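Notes for the structure review
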Amino acid sequence: MFSTLQIWAFRDLLRRPYESLLLGITLTLTIAIVGTLLLFPRAVQDTLNTLLKASPSIVLRRFDAAGFCPLPVPASVRVAQTVVGVVSVRPRIWGLVNGPDGLLTMVGVQKEGMPEGLASQLTRLPERGEVIIGFGVVAGQSAGTLQLEGVIRQNYQVIDRLPEKTSLFTHDLVLMNPEDARQLISLPKGYASDLAIDVFHEGEQDAILSDLAAAFSWPVRCVTRRQSQGISASRLNRARTLVAITVIPAVLALCLLVAVNTRKSMGRQSDLGIMKATGWTTGDIIRFQMYRELFVCLPSAVVGICLSFVLVYGPGASWVADFFFGWKTIPPSFYLETTGAATVVLEVAALMLVPVIASAFLPALKGATSDVHDMIKGAGRR
Amino acid sequence: MTSGITCRDLSVSFTLGNKKKRTVLDKITAVFQAGKMSIITGPVGTGKTTLLNTLAGLTRPTSGEVMVNDQAISRWTGPHRDRWRRQAGIVFQHDHLVHDLTVLENVMLPLIPLGHTLSACRSQSMDALERVGLLNHAGNPVTSLSGGERKKTAMARAIVNQPDFIFADEPTSHLDAESSRQMMDLLYHHACRNAVVIVAAHGLTLDTLPGPPLCYRLEHGVLNLLIS
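1. As for the overall build of chain A
Along the backbone of chain A there are 14 helices and 12 strands. Burial analysis of chain A (382 residues in total) assigns 38% to the buried set. Taking as baseline every contact in chain A between residues at least 6 positions apart, the subset at least 24 positions apart corresponds to 83%.

2. Comments concerning the interface of chain A and chain B
Contact with chain A, which involves 23 residues of that partner, is made by 25 residues of chain B. Residue assignment for the side of chain A that touches chain B shows that the elements contributing at least two residues are helix H1 (4-14), helix H10 (269-277), helix H11 (282-313) and helix H14 (372-380) of chain A. When the residues that make up the side of chain A that touches chain B are grouped by side-chain class, the tally is 11 nonpolar, 7 polar and 5 charged.

3. Some words on the nonpolar core
Among the nonpolar cores identified, the biggest contains 80 residues, and Phe167, Leu187 and Val199 of chain B are the most heavily contacted of them. Those residues in contact with Leu187 of chain B, other than ones at most four positions away along the chain, are Met37, Ile166, Ala168, Pro171, Val197 and Val199 of chain B. Core analysis: the second largest hydrophobic core is formed by 39 residues, Val97, Tyr156, Ile208 and Val220 of chain A among them.

4. Structural notes on H1 of chain A
Residues and elements named next belong to chain A. All buried positions along H1 are accounted for by Leu5, Trp8 and Ala9. Buried residues along H1 cover an arc of 100 degrees about the axis, so they all sit on one side. Residues of H1 that are buried make contact with H11.

5. A few points about the confidence of the model for chain A
Residues of chain A with pLDDT of at least 70 account for 86%, and the chain-wide mean is 80. In the model of chain A, helix H12 (residues 318-325) of chain A stands out as the element of lowest mean pLDDT, 63, in contrast to H1 of chain A, which has the highest, 91.

6. A few points about the environment of Thr172 of chain B
With respect to the helices, strands and loops of the structure, Thr172 of chain B is situated in the loop between strand E7 (165-169) and helix H6 (177-192). Separated by 21 residues in sequence, Thr172 of chain B and Lys151 of chain B have C-alpha atoms that sit 7.7 Å apart.

7. Quick look at the sheet that holds strand E1 (residues 4-15) of chain B
Residue and element names in this part refer to chain B. Strand order across the open sheet formed by 4 strands is E2-E1-E4-E5, with antiparallel pairing between neighbours. The sheet is open, and its two borders are formed by strand E2 (21-33) and strand E5 (71-72), each paired with just one other strand. Relative to E2, E1 is paired through 9 bridges, and the arrangement is antiparallel. Within the sheet, the bridge partner assigned to Gly4 lies in E2 and is Gln33.

8. So, unusual backbone geometry
Although it is not a glycine, Glu170 of chain B sits at a positive phi angle of roughly 50 degrees. Within the fold, Glu170 of chain B resides in the loop between E7 and H6.

9. Some remarks on helix H2 (residues 17-53) of chain A
Compared with an ideal rise of 1.5 Å per residue, which puts 37 residues at 54 Å, H2 of chain A spans 52 Å between its outermost C-alpha atoms and is within 8% of the ideal. The principal kink in H2 of chain A, of about 25 degrees, is found at Leu39 of chain A, preceding the proline Pro41 of chain A by one to four residues.

10. Looking at the pairing of strand E11 (residues 194-199) of chain A
Residues and elements named next belong to chain A. Sheet topology note: the strand E1 (residues 58-64)/E11 ladder contains 3 bridges and is antiparallel. Across the sheet, residue Val59 finds its bridge partner in E11, namely Ala196. The pairing of strand E4 (residues 86-99) with E11 spans 6 bridges and is antiparallel. Directly across from Val86, in E11, lies its bridge partner Val199.

11. Comments concerning the packing of H2 of chain A against H11 of chain A
All names here are of chain A. Following both chains from N to C, one finds H2 and H11 inclined at 35 degrees, their axes separated by 7 Å at the closest point. Note that H2 runs across H11; the crossing there is right-handed. For the contact of H2 with H11, the per-class residue count stands at 18 nonpolar, 8 polar and no charged.

Cut-off values and rules
- Residues numbered from 1 in each chain as written.
- Chains lettered and ligands numbered in written order.
- Predicted model: local features only at pLDDT ≥ 70, side-chain atom pairs only at ≥ 80, totals over all residues.
- Helix = DSSP H or I, 4+ residues; strand = E, 2+ residues; numbered from the N terminus.
- Buried ≥ 20, exposed ≤ 12 C-beta atoms within 10 Å, placed from the backbone.
- Contact = placed C-beta atoms within 7 Å.
- Nonpolar A, V, L, I, M, F, W, Y, C, P; charged D, E, K, R; others polar.
- Core = buried A, V, L, I, M, F, W, Y, C linked by C-beta atoms within 7 Å.
- Arc of directions from axis to C-beta.
- pLDDT = per-residue confidence, 0-100.
- Pairing = 2+ DSSP bridges.
- Expected span 1.5 Å × (residues − 1).
- Bend = angle between axes of the 7 residues up to and from the residue.
- Axes fitted to C-alpha atoms, helices over the stretch in contact; angles between N-to-C directions.
- Left-handed = near helix turned anticlockwise from the far one by under 90°.

Encoded structure:
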């Protein structure tokens, strides 16, 4: 299974077991830290993109001198549908209300117009007096009832929680019956908070904005999905800045590790000289050094990367979200996107493994250009 | 099968600290035959070690050639010479053992890159250790050995793969008379197997030799044949 050279390389590691173990642990932890730092913003980005794909192409709101105001449903839908490029129009009822731990986003939901992905994951829609809540609404409590305060104050029966995967967007969300929602925010019958508009083609989002605004006889403000993505991306900048700052010590630690490893290998030039004098070629020495490094680096890289995936995607890793976004509630669950994750694995591998393995190559390559006698002379001085 | 090592107009000179050149070997021409033990004697500092290192391909000559089977190995690139040394066993003046390894592992060293199984390398090395009388030290670290035992370990490492060329630099230093005779017997045995055996020694008495050698004397950079 293993060649003699591989066994010899492994035995070489075992000659300094504590040193090898320490190197392995240090490498594993450094890879885990750097992996987590690289993986987290990407996980947030991927999750945002995945969730935004399920959001409407354009959200249209009416406003007046006092700010946003309700829009009449039949007239608004009729006007929006006259605009070329619009495929469907859904009136939405939502608003901000006070919950037990602060402001919550309340949404009135009905079967028609509900995103398919979300509808399929709920056992049933809330009836009058019932709500479905996001994961962060009542953190740490087994919620039976929920008191909400808008224009009126009322208790609601909690019948379900929203899927954890969507918690990046829905952690403060309360879904309720549309009639209850109207009552809570005092929205008259026949009125909606905004319109969710889907267009025929992604590229038409920006193109029809002016037509939409012109079609209405009152002032409106439209936000496209692309603009929402931009807003979300700007929120990610905080995380990216923190990554840049926290990656520095990790990279410095890596440089130190590589420097120590290189110096250690360079210090064995005399041993390499003896090996060459006894018939080892430069190729044999490179293979020997590479096997020896791989026996430590490969398990360290695998464990380190797995650790970083667990920290970002696994349950109970709340400190990551708390550190980057200050989320004190139950942490969001992220979507694992294969392409993004593979990129991070490659980034970590390039950042960590290549320098460490290169440090093993340097002494052998130096030896390839040196006289064997000059290499050995170091041994006499020991 | 090798016919021997020939050196033609072999010169080695070093540049000293004051930029002066010191010629250690001066246009040496000699043939070291296979099947015979060649002994190079001479005063300390005359370049015996340099000659052995040059013949073994550990260092390059300033001019001239080292020929093996009509091939100028001194002109070969490093990787080719490294590969050629698989046929050679070298006993260094200062034994040059790998201090992290045990006695057995040091002897196994030349066998590892040859592709044998580990157990084959081990049994071959144990056999070599038995021949130098160090079998009971196999598992000991080399740092625990005496000077003579280290020399014997170096000898075991040199003969472990039955080489066609053996270069032994002061193989009997640190050894008592009995052990010296044993080492020379071993080298003579390999010479009888048609290997090229070249021994550099400054204080070797010929009565320790089991058979008639080719004796050279190296002085002032010139190699002269004393006994053939």
